[in-house]
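Working through the structure, step by step
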Amino acid sequence: MQSFAVVGFGNNLLRDDGVGIHALEYFSGENPFTEVTCIDAGTLGLALMDRLCHRDGLVALDAMRLNKVPGTITVLEGAEMDAHLRHHHGSVHELGLSDLMDALRLTDDLPPKRALIGIEPAEIDWGTVPTAAVNEAIPLAVARLRALIGNWLAAPEAAA
């Protein structure tokens, strides 16, 4: 059986910065996949190494600043995700995620299927509730997450 991890990044005390955690909670409440482990990473990076080794797939959920309209969902898979993490850092968590992916690569544990689902934040400030635009994007991002994992399960031999 394949093994996937969905990891939510963010600080849920900073409004839209916590969208990765909020999206993870939304997904985990209705997770239809027995192959998926949900991990609340907060703002951790390398501390997750042992929980991500030997996985067939990994999906990171996070706020991602790309100068798009707040609530815009961006999905980056495989090499596209790797290139983004090497060259663009729109979130302090992407730096931790970048280090984590590099460490997994160095130990030959980089999941062959990997994706980053980012939601453009509107406001990073004190507060525990995302802004309206970001909150409305959460179910749409989770639908994209479900479709992505479904596709990975349907084509297990195809690496992202």
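Okay, so let's go over this structure. Being a predicted model, the structure only gives us computed values, none of them experimental.

This next bit is on the overall build of the protein chain. If you tally the helices and strands in the protein chain, you get 5 helices and 5 strands. Walking the protein chain from its N terminus toward its C terminus, one meets helices and strands in the order β-α-β-α-β-β-α-α-β-α. A compact globule built from 160 residues would reach a C-alpha radius of gyration of about 15 Å, and the protein chain, at 14 Å, matches this within 12%. Along the three orthogonal principal directions, the C-alpha set of the protein chain runs to about 40 × 30 × 25 Å. The buried share among the 160 residues of the protein chain stands at 49%. Pairs at least 24 residues apart make up 78% of the contacts formed inside the protein chain by residues separated by at least 6 positions. When the accessible area of the protein chain is evaluated, it comes to approximately 7300 Å², of which 54% is carbon and sulfur surface. Positive and negative side-chain charges in the protein chain, numbering 11 and 22 respectively, have mean positions lying 3 Å apart.

Within the sequence span of helix α3 (residues 78-87), burial applies to Gly 78, Met 81, Asp 82, His 84 and Leu 85. Angular distribution of buried residues about the axis of α3 spans 165°; they occupy a single face of the element. Along α3, exposed side chains directed more than 90 degrees from the buried face belong to Ala 79 and His 87.

Moving on, we get to the environment of Ala 154. Locating Ala 154 in the fold gives a position in helix α5 (residues 132-154). Ala 154 sits in the exposed class, given a relative accessible area of 65%. For the pair formed by Ala 154 and Arg 15, sequence separation is 139 residues and the distance between their alpha carbons is 36 Å.

So, on to the environment of Thr 37. Counting through the fold element by element, Thr 37 comes out in strand β2 (residues 36-42). The sequence separation of Thr 37 and Ala 60 amounts to 23 residues, and the corresponding C-alpha distance is 12 Å. Not counting residues up to four positions away in its chain, the partners in contact with Thr 37 are Phe 4, Ala 5, Val 6, Arg 51 and Arg 55. Only 3.2 Å separates the side chain of Thr 37 from the side chain of Arg 55, close enough to count as a polar contact.

Calculation notes
- Residues numbered from 1 in each chain as written.
- Predicted model: local features only at pLDDT ≥ 70, side-chain atom pairs only at ≥ 80, totals over all residues.
- Heavy atoms only, no water.
- Helix = DSSP H or I, 4+ residues; strand = E, 2+ residues; numbered from the N terminus.
- Rg over C-alpha atoms; globule rule 2.2 N^0.38 Å.
- Buried < 20%, exposed > 50% of the residue type's maximum accessible area, 1.4 Å probe, protein only.
- Contact = heavy atoms within 4.5 Å.
- Areas by Shrake-Rupley, 256 points an atom, 1.4 Å probe, with all protein chains shown as cover.
- Lys, Arg positive; Asp, Glu negative; His and termini not counted.
- Charge placed at Lys NZ, Arg CZ, Asp CG, Glu CD.
- Arc of directions from axis to C-beta.
- Polar contact = N/O pair within 3.5 Å; in protein donor to acceptor, adjacent residues only side chain to side chain.

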